[in-house]
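Chain and residue survey
Chain residues, written in single-letter form:
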Amino acid sequence: MIKHRRTYLFLAIIILIILWGGSGYYFYKNRDTTTAASSATQVITVQFTTPTQTMYYNGTIQALSVVPITAPSDGSVQSMNFNYGDTITKGQLLLSLSSAASQTNFQTALTAYLQAKSQEKTSQDTAESDELLYRQGVISRNDYESAKSTHYFNHLAMLQAGAALTRLNYDTANILNLSLDNLDDVQAAFNLTKGTQFLKIYSPQDGVALFASTSSSDRSQPITAGSSVKQDQVLLNIGNLTSASLTIKIDQINVNNIKKGQTATITGAAFPNITLKGIISTVAAQASSSNDNPEFEATVVVSNLTANDLQTIRVGMTATVAVTVTGSPQLMVPINAITTTNGKYYVTKINSSKKQTQVEVTTGSTDATSVAITSGLAVGDQIVAPDSTT
């Protein structure tokens, strides 16, 4: 029995020695790895860096400019020669209006124009005559200036009356050349509309036929054949889509970082293979909302849309606008180089003796990986930071 106990004790001692040796060997082999992992740092030389930040906003594709097409008289839509969204050419017949008042409106507008044109001619003759009298010292400068002013306002009145007449869109190419000096031509113009109840409306420019209102909060009903319309009602807009615009809203924190003339990149889920380049054309000086987070509107202009672009891009599509803001040069260090103790910020600095010391710093703006140092460090200082590659 004693012999067996000695044998068991001897085996137990052997097993303990083996276990102790194995564990020691394991920790020895992993010592360097552990030390290396805990000391995976890098030395960084502090220098000025120009920070950049890309901000993203939502917008809607709109025509850069639109020309409203208005009803020249009360009436109803007799026929339409377009669909909303169609490409329109200058001079194209858009629609015809049936209007019982069309003849009366035309005659009233023509009479007003002829009267304004006659008054303009009389005041012009008076102004030219008074100029000669003034140069000869017969009348005062005040009398001469008064005659010039009268002619100026009469000329404006004639232009306004002419615009009101041409808005009626009759096929009278020489209507503005009429005058009271030739009553036969005037009578022929009056006879032109006898018995006519239809007004033809033509497009003044190339573009795209758009709804009368492009505001999502004020979307008027599109007109159709048979629709009743009022004089001066906007029937549709002709949008110029050689260029486009988007309106973005910027919060009060970032509005001062967005400047007129900055470039922007526009992408959209509806046109995934197209990237547009734009320019910030305006930034509002006043907020468009007065809640707890005021927002300021800015306009982004996209010039020179290509025919290929317009095959995919349509007015009203949503888009993402990316604006990259470049800041002023600052001392930037990695965020992970900063430690916090009792609400204060520190970095590990290597001094002239190559020793590491904790230095208090003041931080500024940050981006995704770096933070600005406004005090505590200088250009050329060396600091220790965790190695970002490990």
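Scroll up for the structure.
Here goes a summary of the coordinates provided.

About the thresholds
- Residues numbered from 1 in each chain as written.
- Predicted model: local features only at pLDDT ≥ 70, side-chain atom pairs only at ≥ 80, totals over all residues.
- Heavy atoms only, no water.
- Helix = DSSP H or I, 4+ residues; strand = E, 2+ residues; numbered from the N terminus.
- Contact = heavy atoms within 4.5 Å.
- Areas by Shrake-Rupley, 256 points an atom, 1.4 Å probe, with all protein chains shown as cover.
- Pairing = 2+ DSSP bridges.
- Salt bridge = Lys/Arg side-chain N within 4 Å of Asp/Glu carboxyl O.
- Buried < 20%, exposed > 50% of the residue type's maximum accessible area, 1.4 Å probe, protein only.
- Phe/Tyr/Trp six-rings, centres within 6.5 Å; stacked < 30°, edge-to-face > 60°.
- Axes fitted to C-alpha atoms, helices over the stretch in contact; angles between N-to-C directions.
- Parallel < 35°, antiparallel > 145°, perpendicular 65-115°, else oblique.
- Left-handed = near helix turned anticlockwise from the far one by under 90°.
- Nonpolar A, V, L, I, M, F, W, Y, C, P; charged D, E, K, R; others polar.
- Core = buried A, V, L, I, M, F, W, Y, C linked by side-chain atoms within 4.5 Å.
- Patch = residues over 30% accessible without salt bridge, like charges linked within 9 Å, V, L, I, M, F, W, Y side chains within 5 Å.

The subject of this paragraph is the overall build of the protein. Along the protein, the regular secondary structure elements total 5 helices and 21 strands. Contacts spanning at least 24 positions in sequence make up 75% of the contacts within the protein whose residues lie at least 6 apart. Just so you have it, the protein exposes about 24,000 Å², and 52% of that area is on carbon and sulfur atoms.

The next subject is the sheet that holds strand β5 (residues 75-80). On the basis of which strands lie adjacent, the open sheet formed by 4 strands has the order β8-β7-β5-β10 and antiparallel pairing. Each end of this open sheet is capped by a strand with a single partner; those strands are β8 (198-202) and β10 (228-229).

Even without being glycine, Asp232 reaches a positive phi, approximately 75 degrees. Positionally, Asp232 belongs in the loop between β10 and β11 (234-251). Residues other than glycine seldom take positive phi values, yet Asn342 does so here, at roughly 55 degrees. Mapped onto the elements of the fold, Asn342 is located in the loop between β17 (339-341) and β18 (344-350).

Moving on: the pattern of salt bridges. Tallied over the full model, the rule gives 4 salt bridges. Taking the shortest distance from any N to any O, the salt bridge between Lys121 and Asp125 comes out at 3.0 Å. Here Lys121 pairs with Asp125, and both are found in helix α2 (residues 102-135), just 4 residues apart, close to one helical turn. Assessed through its relative accessible area of 44%, Lys121 is described here as partly exposed. Look at Asp125 and you get partly exposed, because its relative accessible area is 36%. Close ionic contact of Asp381 with Lys349 constitutes a salt bridge, the shortest N to O distance being 3.7 Å. Of this pair, Asp381 sits in the loop between β20 (370-375) and β21 (382-386) while Lys349 sits in strand β18, and the two are 32 residues apart along the sequence. With a relative accessible area of 17%, Asp381 lands in the buried category. What makes Lys349 partly exposed here is its relative accessible area of 22%.

This brings us to the packing of aromatic side chains. Scanning the entire structure with this criterion turns up 4 aromatic pairs. Their ring planes at 85 degrees and their centres at 5.4 Å tell us that Phe82 and Tyr84 sit as a pair that is edge-to-face. On the basis of relative accessible area, Phe82 is assigned to the buried category, the value being 4%. By relative accessible area, Tyr84 is classed as partly exposed at 22%. An angle of 25 degrees between the planes, with centres 4.8 Å apart, marks the rings of Tyr84 and Phe211 as stacked. Separated by 127 residues along the polypeptide, Tyr84 in the loop between β5 and β6 (87-88) and Phe211 in the loop between β9 (207-210) and β10 bring together distant segments of the chain.

As a further point, take the pairing of β9. Within a regular strand, the side chains alternate between the two sheet faces. As judged from the 2 bridges shared by β6 and β9, these two strands associate in the antiparallel manner. The residue bridging Ile88 from the neighbouring strand is Gly207, located in β9. Bridge count between β9 and β11: 3 bridges; the pairing is antiparallel. Directly across from Val208, in β11, lies its bridge partner Gly239.

Turning our eyes to something else, we now look at the packing of α2 against helix α3 (residues 141-166). Here α2 crosses α3 at 160 degrees, and the two axes come no closer than 8 Å. Compared by their axis directions, α2 and α3 come out roughly antiparallel. Both α2 and α3 take part in a crossing whose hand is left-handed. Looking at the contact of α2 with α3 residue by residue, the class counts come to 14 nonpolar, 9 polar and 7 charged.

Turning to the nonpolar core, a few remarks are in order. Formed by 26 residues in total, the largest nonpolar core has its most connected members in Ile258, Ile266, Phe271, Leu276 and Val321. Residue assignment for this core shows that the elements contributing at least two residues are β3 (52-60), β11, β12 (263-267), β13 (276-283), β14 (295-302) and β15 (318-326). When neighbours within four sequence positions are excluded, Phe271 is seen to be in contact with Ile266, Leu276, Thr312, Ile313, Met317, Thr318 and Ala319. Core analysis: the second largest hydrophobic core is formed by 16 residues, Phe82, Ala209, Ile223 and Val229 among them.

Below, the discussion takes up the environment of Ala147. With respect to the helices and strands, Ala147 occurs in helix α3. Along the backbone, Ala147 and Ser129 are 18 residues apart, and their C-alpha atoms lie at a distance of 9.4 Å. Filtering out sequence-adjacent residues up to four positions away, Ala147 remains in contact with Thr126, Ala127 and Asp130.

Okay, a nonpolar patch on the surface next. Residues Tyr152, Phe153, Leu156 and Leu159 make up a contiguous nonpolar surface patch of roughly 410 Å² in combined accessible area. Note that Tyr152 resides in helix α3.

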